[in-house]
Amino acid sequence: AIGGYVEKARLGGRLVHDLPPAGSGHSLGPALVRVAGIADLGGREVFGPVLHLATFRAEDLPRVVAEINATGYGLTFGLHTRIDDRVQAVTAAIAAGNAYVNRNQIGAVVGSQPFGGEGLSGTGPKAGGPQYLARFRRAVPRPAATDWAGAMTAAEAASALAAAPTPRAPAAVDLPGPTGEMNRLSFHPRAPLLCLGPGPEAAAEQTRAVRALGGAAAEATGALPPDALTRLDGLSGALWWGDAATGRAYAEALARRDGPILPLITAMPDLAHAFHERHLCVDTTASGGNAALLAEVSEG
C-alpha cells in the first residue's frame, strides 16, 4: 500500500526524491513527497519511510498550526527555529502531547519526557509521567450511591456542561534532564466531566472531587438516558458510581461517539481525567534550525 502511495505521487509529479530499498525482502526505500498541506493526507497516516514536504509563507504559520490541530491527532510535534518568540507562540498553540524544539523527536525518557498524546492520539495519562502510576493502583472506594428520583434531559445536561465553572490548571513543572535540555510538563484543562451519580449525593460528591483537582465538572440533576451521551457536546467524559448494567450502557454510548475516546469513570477521578498533560523539550544548546539534530549518526 505504501509503495502504491509513493508510485501515485510519482505519477502526479509530487515525488521529490526517493531511494531504492536498503536490502532484499519487503523493505521500502525512503521517499520525499510534496504536498500542499497536511489536509492532503486526508486524515490518514502513511506509516513508512515517507516524508511529506509542504512550504508556506511565514505569515501563514498560525493557519498551518490551526490546520494541524484540526486533524484531531496530537501525539508529537517537532519545530526547528532560531526565533525564540516563534518557539513560544507555536508550542503554546499546538495541541500535541509532546513537542520537541531543535532536537530529534524520538527516545522519550521516563521522568524527563513523559510520553503520550491527546485527542485522537491519547486516552489517558502520559507514560513515564507523575500521573501514570495512579492508574495502576487499586481504585479508591466510592461512596454508596442511591438512585435518582427523577430524570434529566439531554438539553438540561448540555446547559449544565455550558455552565461549568472555569477550571484551574496546576502550575507547570520543570523536570530533570541532561545539561543543555529544558523539559517542562504543563497541564491544560479538558472539557467538563459530567457527574451522573446516581442520586444527588453521589453527583455532588463527584462534582466536589473533580473541582478539588481544579477541573471542570457539571452536576447531573436526574437520571440521564444513556443515548444522550452520544449527542452531547462539550464534555470530556462522565462519572458513574451506580449499577454495572447502566454503567455499561453509558460506556457503550460514549464509545459510539465520533472523535476521541471519552472515559466512563467508575471510581474517584484523578488529575489526568481533568487535564491534558503536554510536555515541551527544548535543546537549549542548539542555535536552532539544525536539521542534523533530527537523526543520530552512530559509528561502529
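Residues take numbers from 1 onward in each chain, read along the sequence in its written order. Local features in a predicted model are, by the rule used here, given only for residues with pLDDT of at least 70; side-chain atom pairs are given and counted only at 80 or more, and totals for whole chains, interfaces and linings are based on all residues. Water and hydrogen atoms were dropped before computing side-chain values, which therefore reflect all heavy atoms in the structure.

## Remarks on the side chain of Glu277
- For helices the rule is a DSSP run of H or I covering at least 4 residues; for strands it is a run of E covering at least 2, with both sets numbered from the N terminus onward. Tracing the backbone through its elements, the reader meets Glu277 in strand E14 (residues 275-283).
- Nearest to the buried, unbridged Glu277 among oppositely charged side chains is Arg190, at 6.3 Å.
- A polar atom in the side chain of Glu277 sits 2.9 Å from the backbone nitrogen of Lys126.
- Here Glu277 is in contact with Gly97, Pro125, Lys126, Pro130, Gln131, Leu185, Ser186, Phe187 and Ala272, once residues within four sequence places are set aside. When a residue's accessible area, from a 1.4 Å probe over protein chains only, is under 20% of the maximum for its type it is buried; when over 50% it is exposed; and in between it is partly exposed. We treat Lys and Arg as the positive residues and Asp and Glu as the negative residues; His and chain ends play no part in the count. Whenever a carboxyl oxygen of Asp or Glu lies within 4 Å of a side-chain nitrogen of Lys or Arg, that contact is scored as a salt bridge. Whenever two N or O atoms come within 3.5 Å, that pair is a polar contact, provided that in protein one can donate a hydrogen and the other can accept it, and provided that, for residues adjacent in sequence, both atoms are side-chain atoms. Residue contacts are defined here by distance: any two heavy atoms, one from each residue, within 4.5 Å place the two residues in contact.

## Side note on the sheet that holds strand E3 (residues 50-53)
- At least two bridges found by DSSP between two strands is the condition for calling them paired. Read from one edge of the open sheet, 3 strands run E1-E2-E3, paired in mixed fashion. If you trace the sheet from one side to the other, it starts and ends with strand E1 (15-18) and E3, each paired once. When strand polarity is set aside, the average angle formed by the axes of neighbouring strands in this sheet is 15°.
- As defined by bridge partners, strand E2 (residues 31-34) adjoins E3 across 4 bridges and the pair is classed as parallel. Across the sheet, the residue bridging to Val33 is His52, located in E3. The axes are straight lines fitted to the C-alpha atoms, using for helices just the contacting stretch, and the angles between their N-to-C directions are given from 0 to 180°.

## Let's talk about the pairing of strand E5 (residues 76-79)
- Residues Phe77 and Leu79 line the buried face of E5, whereas the alternating positions Thr76 and Gly78 sit on a face that is not buried.
- Here 4 bridges tie E5 to strand E6 (residues 98-101), and the two strands are oriented parallel to one another. Residue pairing across strands places Thr76 opposite Asn98, the latter belonging to E6.
- Here, the term right-handed applies to a crossover whose path from the first strand over the helix to the second runs clockwise when the strands point away from the viewer. After leaving E5, the chain enters helix H3 (residues 84-93) and then returns to the sheet as E6, a path that is right-handed.

## Observations concerning a nonpolar patch on the surface
- On the surface, Tyr132, Leu133 and Phe136 cluster together into a nonpolar patch covering about 350 Å² of accessible area.
- Topologically, Leu133 is positioned in the loop between strand E7 (118-119) and helix H4 (154-162). Note that patches include only residues with greater than 30% relative accessible area and no salt bridge, and the join distances are 9 Å for like charges and 5 Å for nonpolar side chains (Val, Leu, Ile, Met, Phe, Trp, Tyr). Note on areas: Shrake-Rupley with a 1.4 Å probe; residue coverage comes only from the protein chains shown.

## What about helix H5 (residues 200-212)?
- Expected helix span is computed as 1.5 Å times (number of residues minus one). For H5, with 13 residues, the first-to-last C-alpha span of 18 Å sits near the 18 Å given by 1.5 Å per residue.
- The complete set of buried residues in H5 reads Ala202, Ala203, Ala204, Gln206, Thr207, Ala209 and Val210.
- Taken together, the buried residues of H5 touch strand E10 (193-195), strand E11 (217-219) and strand E12 (237-239).
- Just past H5, the residue Gly214 takes up positive phi, approximately 95°.

## Description of the side chain of Asn98
- Structurally, Asn98 is set in strand E6.
- The exposure class of Asn98 is buried, given its relative accessible area of 0%.
- Excluding anything up to four places from it in sequence, Asn98 contacts Leu75, Thr76, Phe77, Gln113, Pro114, Phe115, Gly116, Lys126 and His279.

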